[in-house]
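# Report on the structure
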Amino acid sequence: MALRRNHRGEGEGAGDRASWNAGGGGTWPAAEHPIGAPVSPAATAELANVPASGGPDPAGPAWGDGLVDASALADMQAFNDLKAKRKKQKKRKIVTAVAVAAALIVAAGGVGFWYVSDQAARALQEAGMQFAPVEQGTFTQTVSASGNLRPVASVSATPEVDGIVGEVLVSEGDAVAAGQTLFTVVNAELDKAVTQAAQGIEEARNGVAQAQNAVNDAYRAKEQGRQAAADAQAAAAAMAAAGGEGGAGAAAAAGGQSFDEASADSAIRQAELSLNSANLGLQNAQAAYDEAVARAEKRTVTSSIAGSVVAVNIEPGKALGAAASGAGTGSPVQIADLSQMKVSIGVNEIDILKVSADQQATVTFTAAPDLQLPAKVVRIATTSSGSGDGAAVGAYGGSGAAVIYAVELLIEAPDPRLKPGMTAKATIVTQTIERALMVPISAVQTDGAGSYVMVLVDPETQETEMRAVETVASDGLTTVVKGDVKPGDSVVVGGGALGGMGAPLAGGGAASDASGAVVSGDSVVVG
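Overview of the structure. (Residues numbered from 1 in each chain as written. Predicted model: local features only at pLDDT ≥ 70, side-chain atom pairs only at ≥ 80, totals over all residues. Heavy atoms only, no water.)

## Re the sheet that holds strand β8 (residues 319-320)
The strand order β6-β5-β3-β8 describes an open sheet built from four strands, whose pairing is antiparallel. In the strand order of this sheet, the two ends are held by β6 (300-302) and β8, each with one partner. Bridge count between strand β5 (residues 181-186) and β6: three bridges; the pairing is antiparallel. Note that in β6 the partner of Thr181 across the bridge is Thr302. (Pairing = 2+ DSSP bridges. Helix = DSSP H or I, 4+ residues; strand = E, 2+ residues; numbered from the N terminus.)

Structure (structure tokens):
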């Protein structure tokens, strides 16, 4: 097979076009055999006779610049074969590496975990730990709740009689003494009752006087009868002594007169009974009069205690009691003893066991933010006073109710600005520890053996060590501890304590406790 290059004339185109002809027949397009594509053995054999690029064969036709020899095609074939071989070798290496890595992960999981944990600990150490000092001082634990101010004593000045308001002698805010008149009530019926009772007394007194006269008359009648009988007997005796028939007859007539003493005594008893009845009538009349007067006196309403007028709900001319129309107006005048005041708060069931009588407290007020007053616990309810849904609330709070207990605190010296009903917040001191060692709550960690803190032992390297402690008390922010710590020690807190700062431990290896702490080598990493 011979290859030749055809040249077209200059006049047939602006440039040369080259084509490879096989045996003077078809064309072999270059696009079908790009450079770098494998060459078939047949094509290689056919190209074996192509002259080298060094120059044209003297016996053959003349060759131009674009000749391609067989050795170049052979080099391209060898290059392609080498690329395919290297590609297969690379794939085998990747598969082998993956298999080896998987085997190493499975076989050396513990070592890998230790390494990761150790690197995490080192990274956290490099990030810097947070420290707080161990402080010594007075620790106080408190319980806080809100409520309302109440006077220590309060009375409602309500009249016991109906009527129309007469005079109102006090105003809201006035100080009053016990027994001082507050207002009066006008009621003509009470005056009429007093007048009638007075008349009844007069009538009863007249009846007593008449009965007493009757008794006196009965006694006089008896005495007169006795005297008349005695005189008659004396006259008869004198006549008999004078002698003669006439004297004897006159004496007999005089001696025949007698006195009926039984009848006289009966008359006296009847008179005395009438007198007793009249006296009883007088007593009843007096009692009725006294009652009418006392009821009439209730038209003047006075204060039963010393205190301050906190409310006045009446005015002259307005009806009171049954005489009033429509709904009642409540207490006409309210008197409260504001020399002492109470705060009623509700404490939840979690904190109520911490509260006891006589505990000291501090009370603040929404209306007076700058005011703080001391107080003490004076009463703790035995049963809860929770509020819930209807029937679900029973005598002890009920299902679904907020279980709270009423607690009263006494303010012995209230501020004059305070008024009943104001909102107050009481903070009760439930526990006080003197000279307590205190750390932030986040500094105390726990493991299976107990509680501990991490104490800084070398500020330059930030080396820490575990110190066993015992938790004494806590208020949710600060914890009181006792153990192998002293005032001024720096302990790891916050992110440092919870984030896994290294801490020297005895022993080695890797382990994990219930809290998620991973012990690796001589460091604790909290995950």
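## Let's talk about the packing of helix α4 (residues 188-242) against helix α6 (residues 261-297)
The description of two helices packed together rests on the angle between their axes and the distance between the axes. Where α4 contacts α6, the two axes come as close as 7 Å, and the packing angle between them is 165 degrees. Taken together, α4 and α6 sit at an angle that is classed as roughly antiparallel. For α4 against α6, the interelement crossing comes out left-handed. For the contact of α4 with α6, the per-class residue count stands at 26 nonpolar, seven polar and seven charged. (Axes fitted to C-alpha atoms, helices over the stretch in contact; angles between N-to-C directions. Parallel < 35°, antiparallel > 145°, perpendicular 65-115°, else oblique. Left-handed = near helix turned anticlockwise from the far one by under 90°. Nonpolar A, V, L, I, M, F, W, Y, C, P; charged D, E, K, R; others polar.)

## Focus: the pairing of strand β3 (residues 163-168)
Sheet analysis places β3 next to β8, joined by two bridges and oriented antiparallel. When the sheet's bridge partners are listed, Gly163 is paired in β8 with Leu320.

## Structural notes on the pattern of salt bridges
The tally for this structure, following the rule as stated, stands at 18 salt bridges. Two residues, Asp191 and Arg299, come together in a salt bridge whose shortest N-O distance is 2.7 Å. Here Arg299 lies in the loop between α6 and β6 and Asp191 lies in helix α4, a separation of 108 residues in the sequence. Overall, Asp191 belongs to the partly exposed group, its relative accessible area being 37%. (Salt bridge = Lys/Arg side-chain N within 4 Å of Asp/Glu carboxyl O. Buried < 20%, exposed > 50% of the residue type's maximum accessible area, 1.4 Å probe, protein only.)

## Digging into the pairing of strand β17 (residues 478-483)
With four bridges joining them, strand β13 (residues 423-440) and β17 adopt antiparallel strand pairing. Each residue of the ladder has a partner; that of Pro440, found in β17, is Thr478. Joining the antiparallel neighbours strand β16 (residues 463-474) and β17 is a turn of three residues, in which Gly476 adopts a positive phi near 95 degrees.

## Points about α6
An ideal rise of 1.5 Å per residue puts 54 Å on 37 residues; α6 measures up with 54 Å between its terminal C-alpha atoms. Among the residues of α6, those classed as buried are Ala264, Ile268, Ala271, Leu275, Ala278, Ala285, Ala292 and Ala296. Each element contacted by the buried residues of α6 is listed here: α4. (Expected span 1.5 Å × (residues − 1). Contact = heavy atoms within 4.5 Å.)

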